[in-house]
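Residue strings, one per chain:
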Amino acid sequence: MMNIFYQSTRGGEKEVTPSRAILKGLACDGGLFMPDRIPKLDLSMRDLAGRSYQDTAYEVMKLFLTDFTEEELRSCIAGAYDDKFDTKAIAPLTKADGVYYLELFHGNTIAFKDMALSILPHLMTTAARKNHMDKEIVILTATSGDTGKAAMAGFADVPGTRIIVFYPKDGVSRVQELQMVTQKGDNTAVVAIHGNFDDAQTGVKQIFADREFAEELAEKGFVFSSANSINIGRLVPQVAYYVYAYCRLLDQGEIADGERINVTVPTGNFGNILAAYFAKHMGVPIDRLICASNDNKVLYDFFRTGTYDRKRDFLLTISPSMDILISSNLERLIYLSTGCDAERTAGLMADLTETGQYTADEDMRRQMEDFLGGFATEQEDREAIRKIYEDTGYVLDTHTGVAAAVYEKYRKDTGDDKKTVIASTASPYKFARSVMEAIGDGRLPEDEFEVIDLLCRISGTEIPKAVEEIRTAPVRHSRECSREDMKKTVKEILGM
Ligand SMILES: *Cc1c(COP(=O)(O)O)cnc(C)c1O
């Protein structure tokens, strides 16, 4: 098998092994690691149909993580995709209203982040061993609500690691916040910042880029890494479920071999949909990649006009995990669309930092034709949730609702009725109040858990363990900080 190496999208690092790229998270120059090519699957869809999730994940991940042995990788996969998930299928497909919902929320924290964050700690500790790392790994993470909890669930009490999570104080749902502040584990820390997700993510990126601070940490025996989707160790495991989804459809006779499907993804940081793009270029017959945004529709505008412009108001919506104006992983697509021109990519990213915008030229835009942007307002999101519930009894969460609304508009506008997979990114229980406001009529109880019980009654689904746990769990984290004090807070937490 040919080895794959990683390079920074901004040119500052080259020939990095997969395990080192995972350990580092972000490249020294602030760029993101990219494989030197997108490998082709060495088995056909027919060969892969009927395989377990674990087997499929192995066949995908081995092609990207070429310095992991088969034994190492299989052991990471077995440790991640076990009975933490409440279904053997790990990522089941549910057909409703003519669309296939790929349910990515059956893990520990009931959002799709579990798909990658269940395995990242295994990949990272294996990578640390391979590289004879003698320092304690400090995972620094900015979260729009779901990553933080999923990362802590994965890293809690993992020897040789600590994890610090920053979330926007007023930018997450009640269940999301409770999940975070009740997190157990002596190596976990949670901080509410007075700002939005972009502030948190920018602050974390600045800390990563601070070389002096990195040296100071190294002296104390610490090294930073990232659990955000900027880490290639997040992206690679996510490719697997798109391969798996296609193979399940084939295996169940829902599609013919080679039949092209569309994929719609509710998007924020552009990580999940980029994984679908990787799957397509590995050989999965995917036609359109429909990128669904909420009212923070910076990506919709970008795909429509070629200009990425973050100079606009940051809106808080009922799909908070998509409230993002700086979609980090788009940098990887930009890099590919320039023909892997790191200098140009670095220039465009500098434009974004300095002027708040950049523009892709015609050539680049042609390279991005697989993607189509759409957006749904909060009202359209609610209507989609209600309509699908009334027609089928199936309840979507508010993020998946955005994707369903965008897909429905796309189908009406284009007449394209190819079979479609929608990535279902969270359990409705995580956003119970907003979901019940969309479906129910009449006033909802004040208490969040009474709303959850209502949702249980109308949907006929079981309340997930992740929700039952927080009903009574004590609050263990109450730290807050301003945007400016993130670095100081990190030092305090690490006792420096
Ligand atoms: C993180 C998240 C998204 C956005 O995914 P990206 O990979 O950041 O585009 C969508 N929905 C939910 C529920 C999420 O947690």
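In what follows, the structure referred to is the one given above.
Presented here is an overview of the structure given in this document. (Residues numbered from 1 in each chain as written. Predicted model: local features only at pLDDT ≥ 70, side-chain atom pairs only at ≥ 80, totals over all residues. Heavy atoms only, no water.)

Here we look at the site of the ligand
The ligand sits among 15 residues. The nearest are Lys113, Asp146, Gly268, Asn269 and Asn272. In this structure, glycine 268 approaches the ligand through a main-chain N or O atom, which is 2.8 Å from an oxygen atom. Glycine 271 places a polar main-chain atom, nitrogen or oxygen, 3.2 Å from an oxygen atom of the ligand. Protein burial of the ligand: of its 380 Å² of free accessible surface, 98% is covered by the chains. Residue composition of the shell around the ligand, by class: five nonpolar, eight polar and two charged. (Near = heavy atom within 4 Å. Polar contact = N/O pair within 3.5 Å; in protein donor to acceptor, adjacent residues only side chain to side chain. Areas by Shrake-Rupley, 256 points an atom, 1.4 Å probe, with all protein chains shown as cover. Nonpolar A, V, L, I, M, F, W, Y, C, P; charged D, E, K, R; others polar.)

Observations concerning the sheet that holds strand β5 (residues 136–142)
Within the open sheet, the five strands sit side by side as β8-β5-β6-β7-β15. Their pairing is parallel. Sheet topology places β8 (222–226) and β15 (479–482) at the edges, where each strand pairs with a single neighbour. Put simply, the sheet's adjacent strands are angled 30° from each other on average, direction ignored. In this structure, β5 lies alongside strand β6 (residues 161–168), joined through six bridges in parallel fashion. Bridge pairing in β6 places threonine 141 opposite valine 165. Each of β5, β6, β7 (188–194) and β8 touches helix α9 (residues 197–209); the most contacted strand, β5, lies at about 150° to it. (Pairing = 2+ DSSP bridges. Helix = DSSP H or I, 4+ residues; strand = E, 2+ residues; numbered from the N terminus. Axes fitted to C-alpha atoms, helices over the stretch in contact; angles between N-to-C directions. Contact = heavy atoms within 4.5 Å.)

Points about the pairing of β8
Across the five residues of β8, four count as buried, placing the element largely inside the fold. Relative to β8, β5 runs parallel, the two being bridged by five bridges. Note that in β8 the partner of isoleucine 139 across the bridge is serine 225. (Buried < 20%, exposed > 50% of the residue type's maximum accessible area, 1.4 Å probe, protein only.)

Observations concerning the sheet that holds strand β3 (residues 93–96)
The strand order β3-β4-β14-β9-β10-β13 describes an open sheet built from six strands, whose pairing is mixed. The outermost strands of the open sheet, each flanked by one partner alone, are β3 and β13 (371–375). Adjacent strand axes in the sheet meet at a mean angle of 25°, parallel and antiparallel pairs treated alike. In the sheet, strand β9 (residues 261–266) pairs with strand β10 (residues 286–293) via five bridges, with the strands oriented parallel. Bridging across to β10, proline 266 finds its partner in alanine 292. Along the sheet, helix α12 (residues 271–282) makes contact with β9, β10, β13 and β14 (420–424), crossing β10 at roughly 175°. Strands β10 and β13 of the sheet are contacted by helix α13 (residues 298–305), whose axis makes an angle of about 135° with β13.

Side note on α13
Within α13 the residues assigned to the buried category are Val298, Leu299, Asp301, Phe302 and Phe303. Summarising the contacts, the buried residues of α13 are in contact with β10, β11 (307–309), α14 (330–337), β12 (357–359), α16 (362–367) and β13. One or two positions beyond α13, positive phi appears at glycine 306, with a value near 90°.

Considerations on the pattern of salt bridges
Within this structure, the stated rule accounts for 39 salt bridges. As a salt-bridge pair, aspartate 210 and lysine 487 come within 2.8 Å of each other at their nearest N and O atoms. With a gap of 277 residues between them, aspartate 210 in the loop between α9 and α10 (211–219) and lysine 487 in helix α22 (residues 486–494) connect regions that are remote in the sequence. Several salt bridges converge on common partners, so that one network encompasses Asp42, Arg51, Glu59 and Lys62. (Salt bridge = Lys/Arg side-chain N within 4 Å of Asp/Glu carboxyl O.)

Details of the packing of aromatic side chains
All chains considered together, the criterion is met by 17 aromatic pairs. With a centroid separation of 5.5 Å and an interplanar angle of 10°, the aromatic rings of phenylalanine 303 and phenylalanine 371 are classed as stacked. Taken together, the residues span a long stretch of sequence, with phenylalanine 303 in helix α13 and phenylalanine 371 in strand β13 at a distance of 68 residues. Here phenylalanine 303 matches phenylalanine 371 in class, with each residue buried. Positioned above the aromatic ring of tyrosine 58, the side-chain terminus of arginine 74 is 3.9 Å from the ring centre. One residue, lysine 487, lies across the ring of phenylalanine 213, its end atom 5.0 Å from the ring centre. (Phe/Tyr/Trp six-rings, centres within 6.5 Å; stacked < 30°, edge-to-face > 60°. Lys NZ or Arg CZ within 6 Å of the ring centre and 35° of its normal.)

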